[in-house]
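# Survey of secondary and tertiary structure
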Amino acid sequence: MDEQTPGTPSDAPAPQGPTLFDWEFATDPYPAYAWLREHSPVHRTRLPSGVEAWLVTRYADARQALADQRLSKNPAHHAEPAHAKGKTGIPGERKAELMTHLLNIDPPDHTRLRRLVSKAFTPRRVAEFTPRVQELTDHLIDGFAAKGEADLIHEFAFPLPIYAICEMLGVPREDQDDFRDWAGMMIRHGGGPRGGVARSVKQMRTYLGELIHRKRDDLGNDLISDLIRASDHGDHLTEAEATAMAFILLFAGFETTVNLIGNGVHSLFMNPDQRALLQDSLAAGERALLATGIEELLRYDGPVELATWRFATEPLTLGGQEVAAGDPVLVVLAAADRDPDRFADPDTLDLSRTDNQHLGYGHGIHYCLGAPLARLEGQTALATLLTRLPDLELAIPPQELRWRGGLIMRGLRTLPVRFTPRNT
């Protein structure tokens, strides 16, 4: 029998939980997540969209849920009426016929499609792309270095991964600004009106379908061409699947990296001792601390707050809670990665942390395929910023920063900085 706290009656009401998903929570969700881990680790709540879902906050439960085949990625398993399904994914993807991508399907289709994409999205291709990522990074910094000030989100963290993933996909350079506009709509309205996002998704879907048609007659050295080649050599990839795959590679390939860079710089501003260690290491020509540092920044305040939607295909027990068939389950990566049962001093940023099996890019068969590219972009961005602009500092008080609303991603709306102007 559990011991009662002295003076607390056995029928005392459960402690009142924190308020979730308001603007105060978005600014710093970690105290609320700490409360949930301790008092209600698998917690049923009503989301801002009106959908009820389970939040999984402890590390051990999170790893179990991420790998549990009874938790499907297919929204067809959602128990709520059909009209609610549109509230559990990327706005507009259903109407744009973009549902058949890796975030929405299960084996065996998931296995087949991931195998196809893996053939195109190889570590070798990412490694070969390293010089181009450096060129893009330097070019963007050149654009504001002489001003002595910048918004690091809109002038740096946002365009870098957009241009990088566009080039990897094979989007012609003359069309990449259109993608930047469409992606910008997704970023700006991540927690607001869904209509603008849906329109951008539809425009992106139309363009990608046309691009795939053109590339069939003129294959190049890019991801979309490789997907077409793989399909033409015996693997089955429908045109709808190819379009949806290109879309999700683009969508997932930019927003996570925007937040990795923005959140990472913010965390270094808030932890000047760790920033100084990293700058000293880079000045000495060392890269080890940069490598472990990116993993720690992913754990400490990562770009993906909640893993994408899962739906129970049968009744199951998770963290002692009975989850009914059809119930949505959201794994809170941000909470799991600060679990003191898994990480020593979890609320402390330690760039030299090596025991760091964080869940920032997921776990199991849905582990993020683009993680190597995101790590490359994150390392290159931080190292170049801190080396070229060593006195970079926040241009406004930290409490004036605003975080984007939304459910899945965690990121800043803007990140105003100042520094000594430098000629390029």
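Per chain, residue numbering runs from 1 following the sequence as it is written. It should be noted that, the model being predicted, local features are given only for residues of pLDDT at least 70 and side-chain atom pairs only at 80 or more, the latter also being counted only at that level, while totals for whole chains, interfaces and linings use all residues. For the side-chain quantities, the full set of heavy atoms in the structure was used; hydrogens and water were omitted.

### A closer look at the nonpolar core
- Among buried residues, those of type Ala, Val, Leu, Ile, Met, Phe, Trp, Tyr and Cys that are joined through side-chain atoms within 4.5 Å constitute a nonpolar core. Buried residues are those whose accessible area, probed at 1.4 Å on protein chains only, stays under 20% of the maximum for their type, while exposed residues exceed 50% and partly exposed ones sit between those limits. Ranked by internal contacts, the top residues of the largest apolar core, which has 89 residues, are Leu152, Phe156, Phe179 and Leu415.
- It only takes one pair of heavy atoms within 4.5 Å for two residues to be counted as in contact. In this structure, leucine 152 is in contact with Phe144, Ala157, Val265, Leu385, Leu392, Leu415 and Val417, ignoring residues within four places of it in sequence.
- Counting residues in each nonpolar core, the second largest holds 41 residues, with Phe25, Leu47, Leu306 and Ile408 among its members.

### Things to note about the pairing of strand 2 (residues 52-56)
- Helix and strand definitions here come from DSSP, where helices need a minimum of 4 consecutive H or I residues and strands a minimum of 2 consecutive E residues; each element is numbered from the N-terminal end. Across the five residues of strand 2, four count as buried, placing the element largely inside the fold.
- Where strand 1 (residues 42-46) and strand 2 come together, five bridges link them in antiparallel fashion. Counted as the bridge partner of arginine 44 is tryptophan 54 from strand 2.
- Where strand 2 lies against strand 8 (residues 328-331), three bridges are found, and the strand directions are parallel. When the bridges of strand 8 are listed, valine 56 appears paired with valine 331. Here, strands pair whenever DSSP counts at least two bridges between them.

### Thoughts on the sheet that holds strand 10 (residues 416-418)
- Pairing in this open sheet of three strands is antiparallel, and the strands run 4-10-9 from one edge to the other. Two strands lie at the open edges of the sheet, namely strand 4 (149-151) and strand 9 (393-394), each paired on one side alone.

### Points about the pattern of salt bridges
- Between Lys or Arg on one side and Asp or Glu on the other, a salt bridge is scored when a side-chain nitrogen of the former is within 4 Å of a carboxyl oxygen of the latter. If you walk through the whole model with that rule in mind, you get 24 salt bridges.
- With its nearest N and O atoms 3.5 Å apart, the salt bridge here joins aspartate 109 to arginine 112. Taken as a pair, aspartate 109 and arginine 112 lie in helix 5 (residues 109-120) at a separation of three residues, close to a single helical turn.
- A relative accessible area of 40% places aspartate 109 in the partly exposed class.
- Here glutamate 128 and arginine 124 are joined by a salt bridge, their closest N and O atoms 3.2 Å apart.

### A short note on the packing of helix 13 (residues 239-270) against helix 15 (residues 288-301)
- Packing of helix 13 against helix 15 leaves a shortest axis separation of 10 Å and a crossing angle of 90°. Between helix 13 and helix 15, the interaxial angle falls into the category roughly perpendicular. Between helix 13 and helix 15, the contacting residues are Leu260, Asn263, Gly264 and Ser267 on the first element and Leu297, Leu298, Tyr300 and Asp301 on the second.
- Just so you know the grouping, Ala, Val, Leu, Ile, Met, Phe, Trp, Tyr, Cys and Pro go in nonpolar, Asp, Glu, Lys and Arg go in charged, and all remaining residues, Gly too, go in polar. Across the contact of helix 13 with helix 15, the residue classes break down as four nonpolar, three polar and one charged. Whenever a helix is involved, its axis is fitted only over the stretch in contact; in every case the axis is a line through C-alpha atoms, and angles between N-to-C directions fall within 0 to 180 degrees. Roughly parallel refers to an angle under 35 degrees, roughly antiparallel to one over 145, roughly perpendicular to one between 65 and 115, and oblique to any angle outside these ranges.

So yeah, pure geometry; function would need other evidence.
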